[in-house]
Amino acid sequence: MKEVDGYIEKQVAYLSGGRGEDSSVIVTLPEYSAFSDIPEESLAKVLTYLTLIPRQPGVKFIIILDRRLDTWTSIKTALARIAASFPGNLHLVLVLRPTSFFQRTVTDLGFRFSQEDFMLKMPVVMLSSVTDLLRYIDENQLTSEFGGTLDYSHSDWIVLRTAIESFAVTVKDIAQMLQAFGTELAETKLPDEGTAIMRLLSTHTDKYRKLKEAIRSVSKEGRHLLASLEASGREEDSLWDVRLDWETVQRLLAQLRGMESAFDGFFEKHHLKLQQYLQLLRYEHRFKEMELSLERLASQEREMSSSGETLTQTEQTLRDLDSLEAHAQEEMGHAQIIILHGHQLAASHHYAMALIVQRGNELRHRCDTLSNALRVKRTHLSQAHRLLLRLGQAQSWCDDGAYLLAQQLVGKFQSKEGAQAALKDIDRFLEGAPSLLSSGPDLLAVEFESVLTPEIQVQIGKAFEKHTVVQEMIHNRQVCLRKLADKHVRPIQLVAPRAESPPRSKSPLFSPKHGVDSLKFSFDLSLPGKRTSRKSPASRKIEVMHDYQENRSSLRSSLEVEDSPDLLKRHVMRELIETERVYVEELLSVLLGYRGEMENPALAGLLPPILRSKRNVLFGNMPEIYNFHSRVFLHDLEGCLETPEGVGACFLERKENFKVYECYCQNKPRSESLWRQYSDCAFFQECQKKLEHKLGLDSYLLKPVQRLTKYQLLLKELLKYSAGGCEGTSELQGALAAMLHLLKSVNDSMHQIAITGYQGELCDLGRVLMQGSFSMWISHKKGPTRMKELARFKPTQRHLFLYERALLFCKRRAEHGEGADKTPSYSFKHCLKMSAVGITENVKGDVKKFEIWYSGREEVYVVQAPTVEVKTAWLGELRRILTNQQKLLKDERCVDIQMPDHIRRSPPMSERGVRPSGGAPTGCLSGLDFVSLSADVFMCLRSRSPRPRSPRQRPRPRPPNRPRPQRH
């Protein structure tokens, strides 16, 4: 427009908006005296500009050349220039010839002779008057100067075209500005400082706001222009140029909105990236600070000694450790806050999610490592403190013994009474001997192996050397005093021996129980009953009977007529697969009909809100069980339909997958409790009605437990009809053992989660191996205490849990009353470390009793099993644990072989944890079935031949209340 602005204003040519036939656009060239003076280039630009305005494909043009006041020469020149410069599809040229008689005549003659030249280039029609023009164009498409009714204002047209083109140029400028700003944002290098990031954010935000303001201003201008065009279109609907201009402005506005939307999205992402980068910088800064702090704490922990040379040093180290642990707990709390912040950043889809999660894992690992190191350090320091305290007590006892001997005046015990009084004083003193001195240095080295240092070993040697000297002094004094006490005693009168008295009736403590139950394991899962027992649920037991009788009537009736073992196995296999399909369908109906309906908006009013949030408690991991059976196990079983011998391998291959039942059964008490609270809920009744189930949801929640016990019964049936040498028999036996072990593990784990009151982590004790209820009597090493405990004829009932590293004593508790939870709980009472435990397999008087003793028989527990089979199973597991511990000690004990002979002498069995069982010959080691062993004395049984004692290995004085064993 700017290039042809002058000629457009002079009205050399214009578009009035009129249309001819075939919608041809009319271009009007009015009378212009200086038309011949217009340069060819300028005329071409004017015509090109006008032809570009319609922007329609294949548009035709009609030119009205008004030369009513001109000459033939100018007409001829104008037609030649139009033919040379017009760029569009020229449909027709209508020429209004001069009105004067002379010029009209000249024009007629000239056009007649030149018509063929013009017609070859373009169609030209010479018109005599405006009336002739109306034959080609309607009057409503012509302006008033040509006798038409079309309203046209050239000045208004120029203003409108200028506004439209200015708006288009502005939109283009805005697009270039947005492109430049986007390039600037994309190429910006991110600094490494938080303040620089903040400044960059502020700068970019200011530029963004300015561009947004410019976009709003241009959009406002375009909307104003569009409104003007719409107003013009309403006034004159036939003006095609107005409609074209309206479409142009509308298109430009759409482009502007698209650019604005894309720009907003791009800047929003860029702004979010900068914010997340700033968050990452701050998170990294806090992570590095916390990492340095935890490293300093770990360094302080490593520099701290695990044991002190003296009791005072150890106590001071413990106090330092308390301070360090308090500081560590505070720092680890801050670390947890940083980890939580990292989780929040990751949850908000941070672009560095992987790095943030990695940092959180590193912090968690460092905290766990530091916590474990502090716990181990405390354990070692506590052991060292306990050892040094006991060594100090032993030293003090030796000093008190020497002081007692020195305090006894020779003049006082020259008489019989004085000697007896002195002997009583010595006996009372010996009764108070520390337990450490009775353990021996070898057992002490095993018990406190982790904290032994050369300095502590020296102290132990001094303590036992001092104890040996004091013991010898006391022994010599006792010999002298006994001689003085027996000096004036009358001779003993010889009498005939009495006949052997009849055996005394056995104490209730050792009274055997008659009758042995058939071998079975009772898995008390404490599961709910059917829907009818909802008000008073009773504990259930899943019993796996090893002498199981095949009395299932349904199977027996179908097999009575079959003789072939292969056919019988196929019947059992078919039953296994059919029941598996029913089981999978029942699980699916529960998950869809109950669990899935909890998300149904139509039933939201019937469902209490707390149930929606606790559906994982009610159903446990039933979806995981369903996925395993429907996608994996059922297909495996169906593949074994024609080859039943492969079902054992199928069970063994999926043995690890069956562990999902442990989680389900452990959650069952919580599910029961929740069901009892909301069993009468209208939601469950509505779901049961839709599913047409005869039984309630609680019956279907019991299905996984029932199915788990069903497998071992069917495997027994398959084994029954499988000969010993048949293919797959060994796999069937392995599968049966695996399922029985799984039932036992499920039962043990459910009992374990009911333990309360234990101060510590049960997982630190290792895997739970066995558990059960026993009758128990307790006795101790000290004479009066032992007699007092043994006087209790009524046994104590305790529930024992055997772990890999400890034995727990608990008391079974069960709540009673209406609405009480019937699942039993176990109150923790006592714990024995397996490293200091010994056993006596047979106790005289009852084949179901055995002894568990601790720390050199300081504590002795007489345990009565419910059956001999239970006792045998427990003793076998205890022997296995002690054997494994013996293997761990074997390498360290091998060093003892290379020591001098006077150091390698084994002390008497009474000091090394070996006790003859009732009825076994003293000193005889023909087998392990009548000796009690602990892990720290296995290596002492190197030879069955007795060794000579060294002078320092004197036998300990036997307490007066303990009778000597009878030799046979």
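Residues numbered from 1 in each chain as written. Predicted model: local features only at pLDDT ≥ 70, side-chain atom pairs only at ≥ 80, totals over all residues. Heavy atoms only, no water.

Caption draft 1: Summary view of the overall build of the protein. Within the protein one finds 27 helices and 17 strands. For the protein, with 968 residues in total, the buried portion stands at 43%. Partitioning the intrachain contacts of the protein with sequence separation of at least 6 by distance along the chain shows that 74% fall at a separation of at least 24. Total accessible area on the protein is roughly 52600 Å²; 53% of this is exposed by carbon and sulfur atoms. (Helix = DSSP H or I, 4+ residues; strand = E, 2+ residues; numbered from the N terminus. Buried < 20%, exposed > 50% of the residue type's maximum accessible area, 1.4 Å probe, protein only. Contact = heavy atoms within 4.5 Å. Areas by Shrake-Rupley, 256 points an atom, 1.4 Å probe, with all protein chains shown as cover.)

Caption draft 2: Structural view of the side chain of lysine 212. Its place among the elements puts lysine 212 in helix α7 (residues 194-235). A polar contact of 2.7 Å, which involves the side chain of lysine 212, links it to the side chain of glutamate 260. Once residues lying within four places of it in the same chain are set aside, the contact partners of lysine 212 are Glu260 and Asp264. (Polar contact = N/O pair within 3.5 Å; in protein donor to acceptor, adjacent residues only side chain to side chain.)

Caption draft 3: Local environment of the confidence of the model for the protein. A residue-level look at the protein finds 78% of positions with pLDDT of 70 or above and a mean pLDDT of 77. When mean pLDDT is compared element by element in the protein, helix α18 (residues 622-638) scores highest at 93, while strand β6 (residues 520-523) scores lowest at 34. Predicted confidence for residues 488-562 stays below pLDDT 50, and this span has 134 contacts to residues more than four positions away or in other chains. Note on residues 784-788: pLDDT under 50 across the span, and 3 contacts to partners over four residues away in sequence or across chains. (pLDDT = per-residue confidence, 0-100.)

Caption draft 4: Structural view of the sheet that holds strand β5 (residues 124-127). Read from one edge of the open sheet, 5 strands run β1-β2-β3-β4-β5, paired in mixed fashion. At either margin of the open sheet sits one strand with a lone partner, and together these are β1 (14-19) and β5. The sheet shows a mean angle of 25° between the axes of neighbouring strands, taken without regard to direction. Strand direction decides the pairing type here: strand β4 (residues 89-96) and β5, joined by 4 bridges, are parallel. When the sheet's bridge partners are listed, leucine 96 is paired in β5 with leucine 127. (Pairing = 2+ DSSP bridges. Axes fitted to C-alpha atoms, helices over the stretch in contact; angles between N-to-C directions.)

Caption draft 5: Representation of the nonpolar core within the structure. Counting residues in hydrophobic clusters, the biggest one holds 61 residues, and the most contacted among them are Leu618, Leu637, Phe651, Phe658, Phe684 and Leu697. With 11 residues, the top contributor of residues to this core is helix α15 (residues 565-595). If near-sequence neighbours (up to four positions away) are discounted, phenylalanine 684 is found in contact with Tyr594, Met598, Leu611, Leu618, Trp675, Tyr678, Ser679 and Leu697. One finds Ile53, Val59, Val93 and Trp157 within the second-largest nonpolar core, a separate group that totals 50 residues. (Core = buried A, V, L, I, M, F, W, Y, C linked by side-chain atoms within 4.5 Å.)

Caption draft 6: The arrangement of the packing of aromatic side chains in detail. Using the criterion set out here, one finds 23 aromatic pairs in the structure. Ring geometry for tryptophan 397 against phenylalanine 429: centres 4.5 Å apart, planes inclined by 10°, an arrangement best described as stacked. You can see tryptophan 397 sitting in helix α10 (residues 353-407) and its partner phenylalanine 429 sitting in helix α11 (residues 416-431), a full 32 residues away along the chain. Across the pair, phenylalanine 429 and tryptophan 397 agree in class, each one buried. The interplanar angle of 10° and the centroid separation of 6.0 Å between the aromatic rings of phenylalanine 651 and phenylalanine 658 together place this pair among those described as stacked. For phenylalanine 658, a relative accessible area of 1% gives the class buried. Every member of this aromatic cluster is reached through a ring pair, and the members are Phe628, Phe633, Phe651, Phe658, Tyr661 and Tyr711. Over the ring of tyrosine 700 we find lysine 703, and its NZ or CZ is 5.8 Å from the ring centre. (Phe/Tyr/Trp six-rings, centres within 6.5 Å; stacked < 30°, edge-to-face > 60°. Lys NZ or Arg CZ within 6 Å of the ring centre and 35° of its normal.)

Caption draft 7: Layout of unusual backbone geometry. Even without being glycine, histidine 349 reaches a positive phi, approximately 60°. Here histidine 349 lies in the loop between α9 (311-347) and α10. In this structure, glutamate 692 takes a positive phi of about 60° despite not being glycine. What makes glutamate 692 exposed here is its relative accessible area of 70%.

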